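# A look at the structure
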Amino acid sequence: MTNLKTFSGLAALGAALAAAPAWAQEAADASATAIAPYTYEQIVEKGDVAWMTMATVLVLLMIVPGLALFYGGLVRTKNMLSVLTQVFAITAVVSILWVTYGYSMAFTDGGAWNSFVGGFSKAFLRGVDATTVVATFTNGIYLPEFTFVAFQMTFACITPALIVGAFAERIKFSSLLVFIILWVTFIYFPMAHMVWWWGGPDFLAEQQTALLIAQAAGDTAAADTAAANLAANGLLWNWGALDFAGGTVVHINAGVAGLVGCLMLGRRVGYGRENFAPHSLTMTMIGAALLWVGWFGFNAGSNLEANSITSLAVINTFVAAAAAGVAWMFAEWFLKGHPSLLGLVSGVVAGLVAVTPAAGFAGPMGSIVLGIVASLVCFFFVAYLKAALRLDDSLDVFGIHGIGGIVGALATGILVNPALGGAGIPDYLSVPGTLQVGAYDFGFMITAQLKAVLFTLAFSGIGSFILFKLVDMLMGLRVREDVEREGLDLAEHGEPAYNM
Amino acid sequence: MTNLKTFSGLAALGAALAAAPAWAQEAADASATAIAPYTYEQIVEKGDVAWMTMATVLVLLMIVPGLALFYGGLVRTKNMLSVLTQVFAITAVVSILWVTYGYSMAFTDGGAWNSFVGGFSKAFLRGVDATTVVATFTNGIYLPEFTFVAFQMTFACITPALIVGAFAERIKFSSLLVFIILWVTFIYFPMAHMVWWWGGPDFLAEQQTALLIAQAAGDTAAADTAAANLAANGLLWNWGALDFAGGTVVHINAGVAGLVGCLMLGRRVGYGRENFAPHSLTMTMIGAALLWVGWFGFNAGSNLEANSITSLAVINTFVAAAAAGVAWMFAEWFLKGHPSLLGLVSGVVAGLVAVTPAAGFAGPMGSIVLGIVASLVCFFFVAYLKAALRLDDSLDVFGIHGIGGIVGALATGILVNPALGGAGIPDYLSVPGTLQVGAYDFGFMITAQLKAVLFTLAFSGIGSFILFKLVDMLMGLRVREDVEREGLDLAEHGEPAYNM
Amino acid sequence: MTNLKTFSGLAALGAALAAAPAWAQEAADASATAIAPYTYEQIVEKGDVAWMTMATVLVLLMIVPGLALFYGGLVRTKNMLSVLTQVFAITAVVSILWVTYGYSMAFTDGGAWNSFVGGFSKAFLRGVDATTVVATFTNGIYLPEFTFVAFQMTFACITPALIVGAFAERIKFSSLLVFIILWVTFIYFPMAHMVWWWGGPDFLAEQQTALLIAQAAGDTAAADTAAANLAANGLLWNWGALDFAGGTVVHINAGVAGLVGCLMLGRRVGYGRENFAPHSLTMTMIGAALLWVGWFGFNAGSNLEANSITSLAVINTFVAAAAAGVAWMFAEWFLKGHPSLLGLVSGVVAGLVAVTPAAGFAGPMGSIVLGIVASLVCFFFVAYLKAALRLDDSLDVFGIHGIGGIVGALATGILVNPALGGAGIPDYLSVPGTLQVGAYDFGFMITAQLKAVLFTLAFSGIGSFILFKLVDMLMGLRVREDVEREGLDLAEHGEPAYNM
Amino acid sequence: MKLIIATIKPFKLEEVREALTTVGVRGMMVTEIKGFGAQSGHTEIYRGAEYAVAFVPKVKLEIVVPDVLVDQVTSTIARTARTDKIGDGKIFVVDVEAALRVRTGELNEDAL
Amino acid sequence: MKLIIATIKPFKLEEVREALTTVGVRGMMVTEIKGFGAQSGHTEIYRGAEYAVAFVPKVKLEIVVPDVLVDQVTSTIARTARTDKIGDGKIFVVDVEAALRVRTGELNEDAL
Amino acid sequence: MKLIIATIKPFKLEEVREALTTVGVRGMMVTEIKGFGAQSGHTEIYRGAEYAVAFVPKVKLEIVVPDVLVDQVTSTIARTARTDKIGDGKIFVVDVEAALRVRTGELNEDAL
Ligand SMILES: Nc1ncnc2c1ncn2[C@@H]1O[C@H](COP(=O)(O)OP(=O)(O)O)[C@@H](O)[C@H]1O
Ligand SMILES: Nc1ncnc2c1ncn2[C@@H]1O[C@H](COP(=O)(O)OP(=O)(O)O)[C@@H](O)[C@H]1O
Ligand SMILES: Nc1ncnc2c1ncn2[C@@H]1O[C@H](COP(=O)(O)OP(=O)(O)O)[C@@H](O)[C@H]1O
């Protein structure tokens, strides 16, 4: 059985154990006589299934109609359908890839490549049935594997859909589809594996206990196996990086891909001269609201259970978004003269992005601070730096998801600190079979988070560049200028959005 | 206690037992000595209540705003409000009929008429209170009856609302209301009874055990009673037809009624000459997305419990819709030159319709295939055959719900086969008190499904014809030509949809 | 631990006990020998957490995009963004106030002021963590406190957002924000405390048992303490007023504040001469539908558990809304000539408002009657009386939430009667540790409800008047006339809603 | 050359356009307008507030034609747009002094 | 007959229409336009991108009247539409050579 | 004074407006219209139903200028709006008899 998400204190500890048998030996000596093999039951609770099913539905609501409308409202009338179609089609295509090979690439053991990517043993969901389960973050509590497959499917769908905002109003639909298929295969599925692949609390307790027993018994071979098992997690997980609901995997990943894309496609015709004003802020408001609503499935669903941490994630997600919205609104009011709706909802989305990696780790007050900081940084980037750089990231994918994701990922390493109201670093190894709060070490945490951020920037940045280049050479990324002038709706999709 | 849905292996078996005491006798002989009366507890689990409550809410979301927008976006501006009002008003009216007599007609024993319709013993929800429960598909697991009443209420509301798309832009509002009241009373409530009325797993186990004991004891009267009880299900249920979430009851039923309606009302003024282009594909996109989102309540809610089959239904519903959307998009791209948004979402809806009867029976790969096939068949009908027949089914109720429902119902009989990844035919009788997977018999299954389809076509087709005729004679079905030209919004409802 | 909502039979009983030790003494004598101190466990069930999390999400869906669109569609194009921004910003601001001091003011013991308001002991959610719980309405069943904080947060957000409809199209955004911050602090948080603050079933059982024991032992000091504890509830709770989901706290409260506001701001420029027709009834329909959908979270979530009463509340909420919609539609058809969509959805909202205090107390048939009555009263007010009074309550906040809330609050006192299919008055004291249905006393109930209504009208009316006056003096409430003509969108927020 | 301004009922647009094509009109400008005239508008009621809308939706055609075509064009419009109900519309004729085709620079009747 | 073309502020439409009715105008065509003139438009900001919108919303009236009514109509419009703020609008007069009522075939002044 | 009526491609509006400002035009009326002409519209397909849309979106400018400016204005429009593709549009000139500025009551050329 397998599971998602980084519990880094434990990761660090696991890695330490694997690397330093001598130290572990000492620890083992103390308690060796008392240790019995770890056994456990796998309990599935209907309350968890009920919640995770709804969380899955909520994430779909974020994508369609949520994200589609949020983006769609921001483009000009003539490109409305193109954005809607892109988001809808990506969701449809990626969900099929997910059940055919994506889930397997993300959530199975990859053998020699396991640090980076899984294998194909569960391709076509082979071996996944109504009886198989996956671990949660609580010892002994499991989730039907189908439930987990469905929930994670929505993450795989939304991430590439986020990217399209960066080069909206100018990409060829056919090229986009090809690019997205390549991108999820070579970037997203591996990233999900690297950050979220681990054995689950019972597996770790079992291996840790086996390690101690083997060391006490002087059985080096068994000790090595157990140590290897303890380290058989994704790369970033082993670094000890924390990412509750996808700050790196989803937001930084998509943000960077968007940045690369908008640079490679170039600016829209008329950039800086023509009026690119949103055609319907009403649609953008609906989209932003549904993103907020659905994000509770995204963040609180990432807890995998329906317990008090689920509700903590709900509160954090609510207030971080609220604080970020208010912060952007006041910043704009003060610096640009008006509190605009677009500013308010942009702030809300920035706050949601930033709180994503922190949702179950920070406390409510920490989340408010995080929301404010992330919002102001994104505001500064989007309202000043972007213009200065003449960057035509049409709908601010990098400015909000990239920047907001980076702020959130780094802040998670700080706000997890119980001294700041955080939940603390999970540690499943000290007392196998229970979840302890590990000691907080600022230097370690911030380094782990920084490494995770930099790795994601590099991996997604370089990988996306190569894939964009490839597709561009193969079939061209951008529509002809007269198509762009007429609008993608008529030219590419043969329909206008409105006949009023 | 009562319950919904057809578990045909069992139905067939039950019927066989009732019809062939001799054969049953033999079976009984073997084990007679060991048999004790079957006893059971009725456990209600809060996780199930939580999920079913959300499923209920999701189905309402499908209707309003979902279906209302999906349809509304497709009509011309001048008829927007008429469609929205029709869908909204039908929901309101039918929900009141449901609690007053509809639930009772669908989900009580109908005495002499029990094969076709229930009785009035629970009219005004008499006898339904906070302590009564209904069976699920798992022995010993029950749902509060209020929960079941609420969930099924939404099915009764959406089915007639689907019909209005077939004759949108030309029906008189008053006549529509009268027609719908008659239609749910004489067509929908009986259909729901015929397909979904059964005793539940414990009741069957109890009666089957009683039958065996009576036979062993040679007590013919008791054996006859038990055999009769085993057969006291709805007509189509006894035929062994499988319908997980309403392929026959909801989609074929509404599709045929729509077909009859559009033929009887005639084509819209200007058909074939004027531009009937959708006034807002944005609204249609929102509607389609909410249909998809809400359909998880519809399909996975039909499992009545929050367990791994719920999640299987979620995955099937997701990928069948996705595959169908992609299939329609590519078919249109290839044959008509453009991948349109309307094509993509039409495919998604066709896939959702087709997977409805199969949602808990098929496997994910089977669902993908089903989605593709259903989508292509619907596409061919809608894009070619419909034009050739000069059929003015305004919003393709028959083309998508009728045709998609038929494909889905037949395919369910194939994809349930465990050899194709299906869940297999449920059998509660071989080992009373447990759910076994029965042997798969292609000939039997496909015949049962075909009979169910044909019966629904005939029953709904003829019944709807009579009711339309009646209403037409009484008060006329269609608005005057100048009203149709001006648009139903101003003429019938006294308002325009937009004052921009 | 703490909890919400008024169970008045019990309140009355508790108050009686506190006030009449002599009478209680007699009662005590009878059973004194057998009484042991009441002990209990605190069980948290995941099914409840799953449902309450979704209920929380549903209430947010009601606000954004629900309420924002419902209101937004009803204003003129030039004021669309202003309404959307107001609703969105209020939600964001109030949620932050809630976690900083609002929750504490509403749901902690207020010491000397406890009848009216709580204290600041939980400011910044101090002392609220993943292990603290709050009582539900069932003995022994608890909810994580985080879950309760999140659910109630959404109530605090929606109530002030409702008010803005009363003076839409003319208020200054900055003044509105200041007013709302004052209003939730001085009106809403205290009202929530007065109606919903109580000790929970186990606390009451514990104190009642302690009282009886103390009385039997003749320990007057202990008896006095226990009696005081039994009476340590909010003011209206102690009056015995029933309010399942917020008829007084939310709807009457907001309705009256709206009325005061629209009187103080004055009529819109052009009132009675210019065409104020809704700019998009499509948006209003979406909003109304999402209000309906989300209201299940609001009403059925107020049950705090996922059980059969949850489903009863779902059914009541569904059919009351449906009946009210149909009633308004027919009244308008008959009296004004057309069945309009706006009439239908206005009725639906009026029915939802009216069923709010009754949702878990009335039966389905009672709810239908309630929906019809409330709808017709609101219709009469809005369609005739309002025009006669030349009241410019732009979006009928008082006409629907105020009037509908009053009808609902009074009717709750009647429909709770088991003889009318109601659930009866809860009584936790007669048999401590269990929930009994108390005897129904019409005179007592209707008096309690009437007192609650009048108190709310007075408290909210006078309080709101003072706050509006204050803000008006400080910074002016209303925009300049040319700003009002140009529209608030461009003048206040610097953007138009549409660039089509 | 003359500019013919005609206001007609919206659903007649397609028919009129086709009829005009057959008499040799090769271009026109079409605008959606609100017409005010003898044909009265409708009354809308929103929660009891009544609005009498004085305007009805119309379509305005503007067509520049050589002098020789004026009669034929006006009579074609008049014939095709007619439903004999109030609000069928009007046709006005205004003199045009010059015309120019942007793409080619052609002038006057050559530009039409 | 003359065609009077007037552009006014949108919120003045109802008032102007009523005033014109009282001086005997029985029909007109109303179009929503974007006006460009001395009255400057507003500036919109979207996430830092600024757009100065050069145009302001205006309403254009086109009214054909018999020659005798021209002065009265223009002065009525001028009086009613006036707010003394920049952007109140303009009135232009163009000669009309012929008019026709589609429904009846009436010509020229009878057609108005 | 003359009324210059020009129909151009929508995306040229901003460019034309700027060019006209430099030659002294201080006001105009802009209307979104549907143009019918040699430039053919597109075909839309909805679930198999095909609609050939005869009209293409255009923008119509109406500018009243003193006689002396007519040539300069028309040639400026013609130059700026030109893309050498079909559908670039037309310019028509109509005589204006009178003009009035509502705000000030100024007449004729002073009113422009
Ligand atoms: N005779 C005409 N009268 C009025 N407007 C015309 C006329 N002919 C063309 N137009 C307008 O000019 C636009 C461009 O004309 P078109 O024939 O498509 O191309 P081109 O400008 O290249 O000749 C049309 O869309 C229409 O709006
Ligand atoms: N004097 C006028 N000047 C300009 N347009 C007019 C005039 N009179 C009528 N119209 C236009 O003609 C349309 C039809 O006129 P109306 O009086 O309603 O009916 P009819 O065409 O049958 O006389 C009006 O809606 C308006 O657009
Ligand atoms: N030369 C012109 N030709 C056509 N319309 C004009 C002209 N000048 C101004 N207008 C119209 O008149 C409106 C008002 O003009 P503007 O210069 O803003 O203010 P004022 O009316 O106070 O002079 C403009 O928005 C435009 O629609």
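Reading the values: rules and limits
Residues numbered from 1 in each chain as written. Chains lettered and ligands numbered in written order. Predicted model: local features only at pLDDT ≥ 70, side-chain atom pairs only at ≥ 80, totals over all residues. Heavy atoms only, no water. UniProt positions renumbered as here; feature names shortened; annotations may be inferred. Helix = DSSP H or I, 4+ residues; strand = E, 2+ residues; numbered from the N terminus. Contact = heavy atoms within 4.5 Å. Polar contact = N/O pair within 3.5 Å; in protein donor to acceptor, adjacent residues only side chain to side chain. Least-squares fit on C-alpha atoms with pLDDT ≥ 70 in both. Near = heavy atom within 4 Å. Areas by Shrake-Rupley, 256 points an atom, 1.4 Å probe, with all protein chains shown as cover. Salt bridge = Lys/Arg side-chain N within 4 Å of Asp/Glu carboxyl O. Nonpolar A, V, L, I, M, F, W, Y, C, P; charged D, E, K, R; others polar. Core = buried A, V, L, I, M, F, W, Y, C linked by side-chain atoms within 4.5 Å. Buried < 20%, exposed > 50% of the residue type's maximum accessible area, 1.4 Å probe, protein only. Phe/Tyr/Trp six-rings, centres within 6.5 Å; stacked < 30°, edge-to-face > 60°. Lys NZ or Arg CZ within 6 Å of the ring centre and 35° of its normal.

- Named according to an unreviewed UniProt entry, chain D is Nitrogen regulatory protein P-II originating from Rubellimicrobium rubrum.
- In its Subunit (unreviewed entry) section, UniProt records this for chain D: "Homotrimer."
- For the record of chain D, the UniProt heading Sequence similarities (unreviewed entry) holds the text "Belongs to the P(II) protein family."

- Labelled according to an unreviewed UniProt entry, chain A appears under the name Ammonium transporter, originating from Rubellimicrobium rubrum.
- A UniProt comment under Sequence similarities (unreviewed entry) is attached to chain A, and it reads "Belongs to the ammonia transporter channel (TC 1.A.11.2) family."

### Topic: the environment of D:Glu106
All names here are of chain D.
- On the secondary structure map, Glu-106 appears in the segment after strand E7 (98-101).
- Apart from the residues within four sequence positions on either side, Glu-106 is in contact with Ala-99, Leu-100, Arg-101 and Ala-111.
- A polar side-chain atom of Glu-106 sits 2.5 Å from a polar atom in the side chain of Thr-104.

### A closer look at the relation of the copies chain A and chain B
- Here chain A sits on chain B after a turn of 120° about the axis and a move of 0.0 Å along it, with an RMSD of 0.0 Å. The relationship between the two copies is best expressed as a three-fold rotation axis. Minimal C-alpha separation from the rotation axis in chain A is found for A:Gly47, amounting to 2.3 Å.
- In this assembly the copies use different faces: only 9% of the residues contributing to the interface of chain A also contribute to that of chain B.

### Things to note about the UniProt feature "domain: Ammonium transporter AmtB-like" (unreviewed entry) in chain A
- As recorded in UniProt, the sites labelled "domain: Ammonium transporter AmtB-like" (unreviewed entry) are residues 50-498 of chain A.
- The straight-line gap between the two end C-alpha atoms of residues 50-498 of chain A is 39 Å; of that span, 67% is helix and 3% is strand.

### A short note on the site of ligand 3
- Taken together, 21 residues lie near ligand 3, and E:Ala38, E:Gly87, E:Lys90, F:Arg101 and F:Arg103 sit nearest.
- Bordering ligand 3 are residues originating from chains E and F.
- In this structure, E:Lys90 approaches ligand 3 through a side-chain N or O atom, which is 2.8 Å from an oxygen atom.
- A distance of 3.4 Å separates a nitrogen atom of ligand 3 from a polar atom in the backbone of F:Gly27.
- For ligand 3, the accessible surface in isolation is 550 Å², of which the surrounding protein chains cover 98%.

### Focus on the interface of chain A and chain B
- Facing the 53 residues of chain A at the interface are 54 residues of chain B.
- On the surface where chain A and chain B come into contact, there are three salt bridges.
- Going through the elements one at a time, helix H3 (46-74), helix H4 (80-106), helix H5 (145-163), helix H6 (173-196) and helix H18 (488-493) of chain A are the ones with two or more residues in the side of chain A that touches chain B.
- The dominant element in the side of chain A that touches chain B, judged by the number of residues it contributes, is H3(A), at 14 residues.
- Tallied by class, the residues present in the side of chain A that touches chain B amount to 37 nonpolar, 13 polar and three charged.

### Brief notes about the nonpolar core
- A:Trp292, B:Trp292 and C:Trp292 are the most contacted members of the largest nonpolar core, which totals 546 residues.
- Here B:Trp292 is in contact with A:Leu60, A:Val64, A:Phe88, A:Thr91, B:Thr317, B:Phe318, B:Ala321, B:Ala322, B:Val348 and B:Leu352, once residues within four sequence places are set aside.

### Quick notes on the arrangement of the chains
- These two, chain A and chain D, are apart from each other, with no contact and a minimum C-alpha gap of 11 Å.
- Note that chain C does not reach chain F: the shortest distance linking a C-alpha of one to a C-alpha of the other is 11 Å.

### Regarding the packing of aromatic side chains
All names here are of chain A.
- Across all of its chains, the model carries 102 aromatic pairs over all chains by this definition.
- Note on Phe-381 and Phe-398: the rings are 5.7 Å apart at their centroids and 70° apart in plane angle, and the pair reads as edge-to-face. Taken together, the residues span a long stretch of sequence, with Phe-381 in helix H14 (residues 364-389) and Phe-398 in helix H15 (residues 397-415) at a distance of 17 residues. Both residues of the pair, Phe-381 and Phe-398, belong to the buried class.
- If you follow Lys-336 out to its NZ or CZ, it ends over the ring of Tyr-384, 4.4 Å from the centre.

### What about unusual backbone geometry?
- The linkage connecting B:Val64 with the following residue, B:Pro65, adopts the cis geometry, with an omega of 5°.
- With respect to the helices and strands, the residue B:Pro65 is situated in helix H3 (residues 46-74).
- Backbone geometry at C:Arg390 places phi at a positive 50°, although glycine is not the residue there.
- Using a relative accessible area of 42% as the deciding quantity, one classes C:Arg390 as partly exposed.
- Here F:Asn108, not a glycine, exhibits a phi torsion of approximately 50°, which is positive.
- You can see F:Asn108 is positioned in the segment after strand E7 (98-101).
- On the basis of relative accessibility, which here comes to 31%, the residue F:Asn108 falls in the partly exposed class.

### Some remarks on the UniProt feature "modified residue: O-UMP-tyrosine" (unreviewed entry) in chain D
- Taking the numbering used here, the UniProt-annotated feature "modified residue: O-UMP-tyrosine" (unreviewed entry) corresponds to D:Tyr51.
- Mapped onto the fold, D:Tyr51 is located in strand E4 (residues 49-52).
- A relative accessible area of 13% means that D:Tyr51 is categorised as buried.
- Ignoring sequence-local partners within four residues, the contact set of D:Tyr51 consists of C:Glu274, C:Asn275, C:Phe276, C:Ala277, D:His42, D:Thr43, D:Glu44 and D:Tyr46.

### Quick notes on the relation of the copies chain E and chain F
- After a rotation of 120° and a shift along the axis of 0.0 Å, chain E superposes on chain F with an RMSD of 0.0 Å.
- Each copy contacts the other with its own distinct surface, as only 19% of the interface residues of chain E are interface residues in chain F too.

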